[in-house]
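Residue-level listing of the chains:
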Amino acid sequence: MPLNQSAEPPLRASTIAPADPVTYALPDLVCFAHLHWDFVWQRPQHLLSRFAQHGRVFYVEDAFYHPDDLIEPHIEVKERQNGLKVVVVHLPARLRGNEDAADQAQNDVLRQFFAEQNIQQYIFWYYTPMAIAKSRGFTPALTIYDCMDELAAFKFAPPALREREQELFKKADYVFTGGHTLYEAKSQQHPDAHPFPSSIDKAHFGQARQEMAEPADQAGIAHPRVGFFGVVDERLDIELLGQLAEAHPEWQFVIIGPVVKIDPATLPRPANIHYLGGKDYQELPAYLHGWDVATLLFADNESTKFISPTKTPEYLAAGRPVVSTPIRDVVRPYGDLNLVQIAATADEFGRAIAKALTQTQDADWRQRTDEYLETISWDLTWEQMVTLMQKKLTASRSAGTAHAATTAV
């Protein structure tokens, strides 16, 4: 399905910001992701919306299967922030149970789409190894595996995921990881891995430090408020949440985020836990403004072993004291720097929340927190990634030129 506008040249140079002299020239970027662009604003959106400010970005989601066979495989394109194109392959129901045929159908329509959009020089950027099957046979100038999670440890992970990841390791020029713990694991499997931990849009979350209108569904909740936002799935320690709510009826627990992969009926339901559902990224500062303490209520299980929660610096940028379970990438550096309190049990967590309720008056904590936050940003992460990518592309072009010269002689 062609876009309405004419295709742009496949290579361009641009400046990151008027105050920044750094320039770059990269091919089109084609991202294969397991996360819907419009689901939750997180790492892919932060990074790829920045790439899209300077060139063409195509975000290829998992295929959409129709309930019948009345359609043939085709592509739907939706435009999002900074002109980024969300690409969705539509497939008939008959292909749902035939993985090989479905992958081939996606490969076919993607090839047609590349031709229509004049996508000739391009980078492949993977968030899921499962996309390898539908993208075989293409010749990207560079292949990036931005490994933001240990997906194989997640609930309902495809059985073939680990095998596909090994194939992706062989194709990838770089492996970027969403945290240091994940880097330690993936660097043993790829020779050019680089850690890029969760970062922060300080200006966005810093709004929570100013006066903001109270969201209607939170306005009636009493204080003290203890909050959490994020996807509510197997990573959330619902037992800990229930224990805290029972032990401290004087606190109100505000849980923001969609419930996925777990039965909502299993969530604890005392009167002082308030499930407000998913919220738009733009709304989060207003909710944070009304919290007294922010939490990272993660369980200790296989799905959390390698996570590096983006919400850690987001909470801090909002000026909220934070209490977390001992997630390794929170302990290092936030716990070690005494910026976030770490607690493993319900009793410890309760004592830590009680302390956190007075932490906003701690000028030293606030100063040290802000000094650390000055060292990280999504802009900086993006720039560092671009620098590495340019380095690899330049080396590849130089090798190609040298080979052509030798052949000519």
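Residues numbered from 1 in each chain as written. Predicted model: local features only at pLDDT ≥ 70, side-chain atom pairs only at ≥ 80, totals over all residues. Heavy atoms only, no water.

Some details on the overall build of the chain
Part 1 of the reasoning: Helix and strand counts for the chain stand at 13 helices and 16 strands.
Part 2 of the reasoning: Compactness check: the chain gives a C-alpha radius of gyration of 23 Å against a globular reference of 22 Å for 409 residues, within 12% of the reference.
Part 3 of the reasoning: C-alpha extents for the chain along the principal axes are approximately 75 × 55 × 40 Å.
Part 4 of the reasoning: Looking at the 409 residues of the chain, the share that counts as buried comes to 52%.
Part 5 of the reasoning: Put simply, of all contacts in the chain between residues at least 6 apart along the chain, 70% involve residues at least 24 apart.
Part 6 of the reasoning: Carbon and sulfur atoms provide 52% of the accessible area of the chain, an area that totals close to 18,000 Å².
Part 7 of the reasoning: For the chain, the distance from the average site of its 37 positive side-chain charges to the average site of its 53 negative ones is 4 Å. (Helix = DSSP H or I, 4+ residues; strand = E, 2+ residues; numbered from the N terminus. Rg over C-alpha atoms; globule rule 2.2 N^0.38 Å. Buried < 20%, exposed > 50% of the residue type's maximum accessible area, 1.4 Å probe, protein only. Contact = heavy atoms within 4.5 Å. Areas by Shrake-Rupley, 256 points an atom, 1.4 Å probe, with all protein chains shown as cover. Lys, Arg positive; Asp, Glu negative; His and termini not counted. Charge placed at Lys NZ, Arg CZ, Asp CG, Glu CD.)

A few points about the nonpolar core
Part 1 of the reasoning: Formed by 53 residues in total, the largest nonpolar core has its most connected members in Phe253, Trp291 and Tyr315.
Part 2 of the reasoning: Apart from the residues lying within four places of it in its own chain, the contact partners of Phe253 are Val226, Leu241, Leu244, Ala245, His248, Asn272, Ile273, His274 and Ile353.
Part 3 of the reasoning: With 33 residues, the next largest nonpolar core counts Val30, Val87, Phe169 and Phe306 among its residues. (Core = buried A, V, L, I, M, F, W, Y, C linked by side-chain atoms within 4.5 Å.)

A look at the sheet that holds strand β15 (residues 322-324)
Part 1 of the reasoning: In spatial order, the strands read β13-β12-β11-β14-β15-β16; together these six strands make up an open sheet with parallel pairing. Both edges of this open sheet fall to β13 (273-277) and β16 (341-342), since each of them pairs with a single strand only.
Part 2 of the reasoning: Note: strand β12 (residues 252-256) against β13, four bridges, orientation parallel. Considered in β13, the bridge of Val254 is made with His274.
Part 3 of the reasoning: Its contacts with the sheet put helix α11 (residues 346-356) on β11 (225-229), β12, β14 (293-296), β15 and β16, and the angle it makes with β15 is roughly 170°. (Pairing = 2+ DSSP bridges. Axes fitted to C-alpha atoms, helices over the stretch in contact; angles between N-to-C directions.)

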